Amino acid sequence: MPGGRLTQQERQRIALGLADDLSYAEIARRLDRPTSTVTREVMRNGGLAAYRADLAHRATERRARRRKKTTTAPDPGTPPQTHGRDAEAVRAYEETFATVFMQSGLPRMTARVLASLYTTDAGSLTASELAGRLRISPASASKAVTFLGSQGLIRRERDDHRRERYVVDDDVMYQSTMASARATAHLGDIARQGVGVLRPDTPAATRLENIARYVDFVSESIARAADQAREIPHTTPGGTSDGAP
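Residues numbered from 1 in each chain as written. Predicted model: local features only at pLDDT ≥ 70, side-chain atom pairs only at ≥ 80, totals over all residues. Heavy atoms only, no water.

Considering the overall build of the protein
Along the protein, the regular secondary structure elements total 10 helices and 3 strands. Its helices and strands in sequence order give the protein the pattern α-α-α-α-α-α-β-α-α-β-β-α-α, from N to C terminus. By residue count, 35% of the 245 residues in the protein fall in the buried class. Within the protein, contacts between residues separated by at least 24 positions form 52% of all contacts whose residues are at least 6 apart in sequence. (Helix = DSSP H or I, 4+ residues; strand = E, 2+ residues; numbered from the N terminus. Buried < 20%, exposed > 50% of the residue type's maximum accessible area, 1.4 Å probe, protein only. Contact = heavy atoms within 4.5 Å.)

Some thoughts on the pairing of strand E3 (residues 164–167)
Direction of pairing for strand E1 (residues 124–126) relative to E3: antiparallel, over a ladder of 3 bridges. The residue bridging Thr126 from the neighbouring strand is Arg165, located in E3. The pairing of strand E2 (residues 155–158) with E3 spans 4 bridges and is antiparallel. Note on E3: the bridge partner recorded for Arg158 is Glu164. Between the antiparallel neighbours E2 and E3 lie 5 residues, among them Arg162 with a positive phi of about 65°. (Pairing = 2+ DSSP bridges.)

Quick word on the sheet that holds E1
Taken together, 3 strands build an open sheet; the order of strands is E1-E3-E2 and the sheet is antiparallel. The two strands at the open ends of the sheet, each matched to only one other strand, are E1 and E2. Each neighbouring strand pair of the sheet contributes to a mean axis angle of 35°, computed without reference to strand direction. Running at roughly 95° to E1, helix H7 (residues 127–134) makes contact with E1 and E3 of the sheet. (Axes fitted to C-alpha atoms, helices over the stretch in contact; angles between N-to-C directions.)

A few points about unusual backbone geometry
Even without being a glycine, Asp32 presents a positive backbone phi close to 60°. Considering the arrangement of structural elements, one finds Asp32 in the loop between helix H2 (24–31) and helix H3 (35–44). According to the relative accessible area criterion, Asp32 is partly exposed, its value standing at 40%. With a phi angle near 55°, Arg135 is a residue other than glycine that sits in the positive phi range. Position of Arg135 relative to the elements: it lies in the loop between H7 and helix H8 (138–150).

Examining the side chain of Glu41
Inspection of the secondary structure puts Glu41 in helix H3. Residue Glu41 is classed as buried on the basis of its relative accessible area, which comes to 7%. For Glu41, the contacting residues outside a window of four places in its chain are Leu6, Arg11, Ile14, Tyr51 and Ala56.

Quick look at the pattern of salt bridges
Within this structure, the stated rule accounts for 14 salt bridges. Between Glu26 and Arg30 there is a salt bridge, and its shortest N-O distance comes to 2.8 Å. Of the two residues, Glu26 and Arg30 both sit in helix H2, 4 residues apart, roughly one turn of that helix. By relative accessible area, which is 48% here, Arg30 ends up partly exposed. Arg192 is the partner of Glu209 in a salt bridge, and the nearest nitrogen-oxygen pair spans 3.5 Å. With Glu209 in helix H10 (residues 203–228) and Arg192 in helix H9 (residues 172–198), this residue pair connects regions lying 17 residues apart in the sequence. Three or more residues joined by partner-sharing salt bridges are found here, namely Glu129, Asp159, Arg163 and Arg165. (Salt bridge = Lys/Arg side-chain N within 4 Å of Asp/Glu carboxyl O.)

A short note on the environment of Thr35
Here Thr35 shows up in helix H3. Sequence separation of Thr35 and Tyr24 is 11 residues, and the distance between their C-alpha atoms is 6.1 Å. Excluding anything up to four places from it in sequence, Thr35 contacts Tyr24, Ala25 and Ala28.

Overview of the packing of aromatic side chains
Evaluated as defined, the whole model comprises 4 aromatic pairs. Pairing Phe97 with Phe101 gives two aromatic rings, centres 4.8 Å apart and planes at 25°, and the pair type is stacked. Of this pair, Phe97 and Phe101 both sit in helix H5 (residues 87–103), separated by 4 residues, roughly a single helical turn. Exposure remark for Phe97: the relative accessible area of 22% places this residue in the partly exposed category. By relative accessible area, which is 15% here, Phe101 ends up buried. Taken together, the aromatic side chains of Tyr93, Phe97, Phe101 and Tyr118 make up a single cluster linked through ring pairs. (Phe/Tyr/Trp six-rings, centres within 6.5 Å; stacked < 30°, edge-to-face > 60°.)

Here is the structure:
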């Protein structure tokens, strides 16, 4: 049974196996690797729905380079960890989280900033803290948070020292979901405008009307579900919020 790190070719075979809906055990058997190796590889790099061989290989190479650096001295870019967390595991998870955001359409730097904010206990960082944590320039951090703010994914506030902080709190996901529902509904409005332009009862107009009906249903369902679930982020697992069950 071969040992050592997975090769890029093996990662590509894992991705193909997942695409073919093979189990971890079957993929591992075909690679002559332990099932735990394949399971850990996929879960560390985006999970079943988001695993990408090229991204996983680059992430592994970055982790290997960082491990070599930390054998002689602590990495000054690694933020101190609390609650007994493993700094390397936290950093690897942030990369996985950022990869999922990238696959949903966010630019790489913006995805890294959002993942970093979500994985802080405070849920907020200043531009300077983001730059130090991610080892990027303040200008890059500023550009990323400006985009995230325009999408309703973060909000800004001033702390006691009048510093601007960028925040992901319990209500940001709700606001983001509602913004998405509104954007989806707008697509339906535009599609329905085309019905009159292309003349009702023509094939093209019928297609657009069906798109509009579909989009109306989806956007209304998203908004309704978001309203029903709005209190969930304000509760602790198994707990309650404001007396709600």
